[in-house]
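Each chain is listed here by its residues.
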Amino acid sequence: MQKGKALKHEITKNRIGMTPPDDTTAGYQVVGNVLDQRETADLLESLDSTLTTRGRAGVRHLMGHPQIQRVARDQRLLAIAAGSLGASAVPYRATLFDKSPDRNWLVAWHQDKALPVMERRNVPGWGPWSVKGGITYALAPACALSRIVALRVHLDDSRSDNGPLRVIPGTHRLGLLSDAEVNQVVHRAAPVDCLVTAGGIVAMRPLILHASSKAETARPRRVLHIEYAESLDVDGGIRIAIA
Ligand SMILES: O=C(O)CCC(=O)C(=O)O
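Novice: What should I look at first to understand the overall build of the protein in this one?
Specialist: Scanning the protein from N- to C-terminus turns up seven helices and 13 strands. Over its C-alpha trace the protein gives a radius of gyration of 17 Å, about what one expects of a compact globule, namely 18 Å for 243 residues. Here the C-alpha coordinates of the protein stretch approximately 50 × 40 × 35 Å along the principal axes. For the protein, with 243 residues in total, the buried portion stands at 40%. In the protein, the share of contacts with a sequence separation of at least 24, taken over all contacts with a separation of at least 6, comes to 82%.

Novice: Can you walk me through the pairing of strand E6 (residues 129-132) in this structure?
Specialist: Taken residue by residue, a regular strand's side chains alternate between the two faces of the sheet. By the bridge criterion, four bridges tie E6 to strand E7 (residues 135-139) in an arrangement that is antiparallel. By the bridge assignment, serine 130 is partnered in E7 with tyrosine 137. Counting the residues that bridge the hairpin from E6 to E7 gives two residues, and of these glycine 133 lies at a positive phi of roughly 55°.

Novice: So what exactly am I meant to see when it comes to the sheet that holds strand E2 (residues 58-59) here?
Specialist: Across a sheet, strands are paired by hydrogen bonds formed along the backbone, either parallel or antiparallel in direction. Spatially, E1-E11-E8-E13-E3-E2 is the arrangement adopted by the six strands of the open sheet, whose pairing is antiparallel. If you trace the sheet from one side to the other, it starts and ends with strand E1 (28-31) and E2, each paired once. Summarising the sheet, E1 and strand E11 (residues 201-204) pair through four bridges and their orientation is antiparallel. In the sheet register, tyrosine 28 faces E11, and the bridge partner there is methionine 204.

Novice: What am I meant to see in the sheet that holds strand E12 (residues 209-212) here?
Specialist: Strand order across the open sheet formed by four strands is E4-E12-E9-E10, with antiparallel pairing between neighbours. Strands at the two margins of the open sheet, each flanked by one partner only, are strand E4 (107-110) and strand E10 (192-193). Sheet analysis places strand E9 (residues 165-168) next to E10, joined by two bridges and oriented antiparallel. Within E10, the residue paired with arginine 166 across the bridge is aspartate 193.

Novice: Is there a simple way to think about unusual backbone geometry in this case?
Specialist: Among all residues save glycine, negative phi is the norm, and among peptide bonds the norm is trans. Following glycine 127, the chain continues to proline 128 via a peptide bond in cis, the omega torsion being 0°. Relative to the elements of secondary structure, proline 128 occurs in the loop between strand E5 (114-117) and E6. Positive phi values are uncommon outside glycine, yet asparagine 33 reaches one of about 50°. As for its placement among the helices and strands, asparagine 33 is situated in the loop between E1 and helix H3 (37-50). According to the C-beta neighbour criterion, asparagine 33 is exposed, with 12 such atoms within 10 Å. Despite not being glycine, histidine 61 shows a phi value in the positive range, around 60°. Here histidine 61 is to be found in the loop between E2 and helix H4 (66-72). Under the C-beta neighbour-count criterion, histidine 61 is labelled partly exposed, with 17 such atoms within 10 Å.

Novice: What exactly am I supposed to notice about the confidence of the model for the protein here?
Specialist: For any part of a model where pLDDT is low, the fine detail of the predicted coordinates should not be relied upon. Overall, the predicted model of the protein reaches an average pLDDT of 91, with 90% of residues at or above 70. Low pLDDT, under 50, characterises residues 8-21; the predicted model gives this stretch 16 contacts beyond four residues in sequence or across chains.

Novice: What is the right way to read the site of the ligand from this model?
Specialist: Contacts to the ligand come from Phe97, Val107, Asp112, Leu165, His210, Ser212, Val223 and His225. Those elements that provide at least two residues to the shell around the ligand are E12 and strand E13 (221-229). Split by residue class, the shell around the ligand holds four nonpolar, three polar and one charged.

The rules behind each value
- Residues numbered from 1 in each chain as written.
- Predicted model: local features only at pLDDT ≥ 70, side-chain atom pairs only at ≥ 80, totals over all residues.
- Helix = DSSP H or I, 4+ residues; strand = E, 2+ residues; numbered from the N terminus.
- Rg over C-alpha atoms; globule rule 2.2 N^0.38 Å.
- Buried ≥ 20, exposed ≤ 12 C-beta atoms within 10 Å, placed from the backbone.
- Contact = placed C-beta atoms within 7 Å.
- Pairing = 2+ DSSP bridges.
- pLDDT = per-residue confidence, 0-100.
- Near = placed C-beta within 6 Å.
- Nonpolar A, V, L, I, M, F, W, Y, C, P; charged D, E, K, R; others polar.

Put into structure tokens, the structure is as follows:
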């Protein structure tokens, strides 16, 4: 089936099914009230006191941060990741996305195609390669990315006015899309805002088309984005790096 037709079929199926979006069909899932208020406040306090330098959109490569490691390995998060990947799910990368009045940003529609790796290896389907913040990255093939899920831990309420994540359900099944294909799909599809209160989690497949707009209010929207793999060993000796 052509990609456009596949998407239409996927969206129709979701509408007819009228089931709440789940990871298998929609490529994302909203899970409310995972961390309680105290846990969210402690995490924010710890991040505020330790991550004093932030980039335009936040801070990347945070898996070495003790409190983030603890959250990433929390049984509640592992259980959500296991729902997509099976019991071997392992966290490998953490990023803080910090959208606030001081740093108000947007991201255009895209798929997450890059994986951090231990070393460069010439394996078909992998590349181009790059280095970001001292970590080697490769664009990965769709089969490797289908064994990844990201859990976005919300540290603030994510509302329609503070630049929430927007997704186009089902698009993770379309494989790797070119820029022209992304434009085509976005043109026809109805995006969904992922709204959740602080302490809730949005699970998302890396290939789901996603974007976010600038916040229209002064409310911060901070999200800890933790990625999990079914296994750190992926393809032809390539091993995902902890970053
Ligand atoms: O948090 C956001 O608004 C965007 C996140 C994003 O673009 C990403 O995870 O690739």
